[in-house]
Amino acid sequence: MSQMKRGLHNTPPDGGWGWMIVIGCFFVTVCTRAVTRCISIFFVEFQLYFGQDYSRTAWIHSIVDCTTMLCAPLGSFVSNHFSCQVGIILGGVLASIGLVLSSFATSLEYLYLTLGLLTGLGFALCYSPAIAMVGKYFEKRKALAYGIAMSGSGIGTFILAPVVQLLIEQFSWRGALLILGGFVSNLCVCGALMRPIHLKEDYSHYPLRLEQTENDPDNRRTLGPSCLPLCQDCNHKSICYCSKKEYSFLLKPKFIILAISFLFLAYGCSPPFVYLVPYALSVGVSHQEAAFLMSILGIIDIVGNISFGWLTDRRFLKKHRYCCYLIAVGLDGLSCLFLPILTCFKLLIPFSVMFGYFDGAYVALIPVVTGDVVGTSSLSSALGVVFFLHAVPYLVSPPIAGWLVDTTGDYTAAFLLSGFSMIFCGILLGFAKIIHKIKKTSQALPVSTSDTKQEIWINTDVGCEFSDPLNQKEV
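This section reports on the structure supplied with the text. The shown structure was predicted, so the numbers you read here are calculated from the model rather than taken from an experiment.

**Looking at the overall build of the protein chain**
Okay, step 1: Check the secondary structure of the protein chain and you find 20 helices and four strands.
Okay, step 2: Put simply, the protein chain has 475 residues, and 50% of those count as buried.
Okay, step 3: Of the roughly 22,600 Å² that the protein chain leaves accessible, carbon and sulfur atoms contribute 66%.

Spelled out as structure tokens, the structure:
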């Protein structure tokens, strides 16, 4: 107990070992999100080897991405009840095994199970717990820390994409998957860096568990929250109680609105990444220039992660991070609305810059905004729910956009729907913020003396006992 008290922190340390947590989270995003994006490089190889069409082969990427998001609450649960280290190390082992087994694939169905489900499950156990740990170590520089950590996705894609292509050319797709499985095993090292931290806020949400001493049954000593790792208390009642406490934020109106907004955000942000290159080719841009547009988007995405995180940590913007988030989402959607009228390479470059920057900006602020709504103690569970909500829109938005392209014969409807979806997300959050401020202002208005006297007359008429709110005398 004395060790637990010494390890308690009133506030996040905002530095120290926290920077090692940021580095660990950075490499977790490299090994999960960047590797997931690089799986698309194997598509042509899978098509040629198994003789299947693009739609069946594309399910591999959809399954791994969807499984990573759908199982994110499981990653949060394991992290909360065992430890973040256990969750990430276990996820690293599963993801590595999935990639290694995929190198022995004999059919696409085999890859659906190994590369899709098993690797996706491993990524899910790593992703949300690592992001939540950054929020536990940082408060004043939280946005900057998240900007650095989340930039691993863009930097990893930029570096890994040509490396994976080179591995395929040198060792075939089987050898490339085998080497990639070894690389992903570094998630276990990242998990070992995630040193637990005990904040007083964590202990204020759960009752302390008491234990009787041997000599005096009435003299009880405090062991800590009853919702700490399952190895301390494995009974069914404790697990149910802890789960109820951990997910109590689901009933908060602010989180419900935020969760609904994530559905529209997740739908809107996916099609531009999928269809930017095909659209550029359809308006006469060369293959090299179209690929360069994606490179610009990826590099500027990294700039948005770090620079916007640093800006929103400044004193003049720190109190307005919520507004900065919804502005970034709205401007990202607005850039999509202008995309159908951009018909040459020189005009598409500004789109890649604008969309990439604000995409990186709001991605860095998603954990920050979520943490401000639910609190640090519930951040891991909340991020699991947030990424779970991203799963279905990620899965259905590209096919819906493709159906619109096939039906209308151009990309206008697909990009407009994507843009309006993201703008609606920003408008919804803006209205919620305004309503919350109006409600808060109305509750802060003082009660007049005349109103109080009128209330007293009404209550005495019906013969009720009450306390005078002004003089504190019983009437």
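**Side note on the state of the cysteines**
Okay, step 1: Taken as a whole and judged by the stated rule, the model has zero disulfides.
Okay, step 2: A disulfide-free cysteine, C126 has its sulfur positioned 7.7 Å from the sulfur of C188, the nearest such atom.
Okay, step 3: When its relative accessible area of 0% is taken as the criterion, C126 is described as buried.
Okay, step 4: This cysteine, C323, is not joined by any disulfide, and C324 carries the nearest cysteine sulfur, 7.0 Å off.

**What to know about the pattern of salt bridges**
Okay, step 1: The final tally for this structure, using the stated rule, is two salt bridges.
Okay, step 2: When the shortest N-O distance is used, the salt bridge between D65 and R33 registers 2.9 Å. On the criterion of sequence distance, the pair formed by D65 in helix 4 (residues 54-70) and R33 in helix 2 (residues 18-38) is long-range, its members being 32 residues apart.
Okay, step 3: Residue class for D65 comes out buried when judged on its relative accessible area of 12%.
Okay, step 4: Relative accessible area serves as the criterion here: at 12%, R33 is assigned to the buried category.

**Regarding unusual backbone geometry**
Among all residues save glycine, negative phi is the norm, and among peptide bonds the norm is trans.
Okay, step 1: The backbone phi angle of S172 is positive, close to 70°, even though this residue is not glycine.
Okay, step 2: Here S172 lies in helix 9 (residues 152-184).
Okay, step 3: For S172, a relative accessible area of 37% corresponds to the partly exposed category.

**Remarks on helix 13 (residues 253-282)**
Okay, step 1: Given a rise of 1.5 Å per residue, 30 residues ought to cover 44 Å, and the 44 Å separating the end C-alpha atoms of helix 13 matches this to within 8%.
Okay, step 2: Just downstream of helix 13, G284 is the residue with a positive phi angle, here 95°.

**As for the packing of helix 2 against helix 7 (residues 108-137)**
Okay, step 1: For the pair helix 2 and helix 7, interaxial distance at closest approach is 9 Å and the crossing angle is 150°. Comparing the axis directions of helix 2 and helix 7 gives the class roughly antiparallel. Crossing angle aside, the handedness with which helix 2 passes helix 7 is left-handed. From helix 2, G18, I21, V22, C25, V28, T29, C31, T32, R33, V35 and T36 reach across to helix 7, where they touch F123, C126, Y127, A130, I131, M133, V134 and Y137.
Okay, step 2: Looking at the contact of helix 2 with helix 7 residue by residue, the class counts come to 14 nonpolar, four polar and one charged.

About the criteria used
Residues numbered from 1 in each chain as written. Predicted model: local features only at pLDDT ≥ 70, side-chain atom pairs only at ≥ 80, totals over all residues. Heavy atoms only, no water. Helix = DSSP H or I, 4+ residues; strand = E, 2+ residues; numbered from the N terminus. Buried < 20%, exposed > 50% of the residue type's maximum accessible area, 1.4 Å probe, protein only. Areas by Shrake-Rupley, 256 points an atom, 1.4 Å probe, with all protein chains shown as cover. Disulfide = S-S within 2.5 Å. Salt bridge = Lys/Arg side-chain N within 4 Å of Asp/Glu carboxyl O. Expected span 1.5 Å × (residues − 1). Axes fitted to C-alpha atoms, helices over the stretch in contact; angles between N-to-C directions. Parallel < 35°, antiparallel > 145°, perpendicular 65-115°, else oblique. Left-handed = near helix turned anticlockwise from the far one by under 90°. Contact = heavy atoms within 4.5 Å. Nonpolar A, V, L, I, M, F, W, Y, C, P; charged D, E, K, R; others polar.

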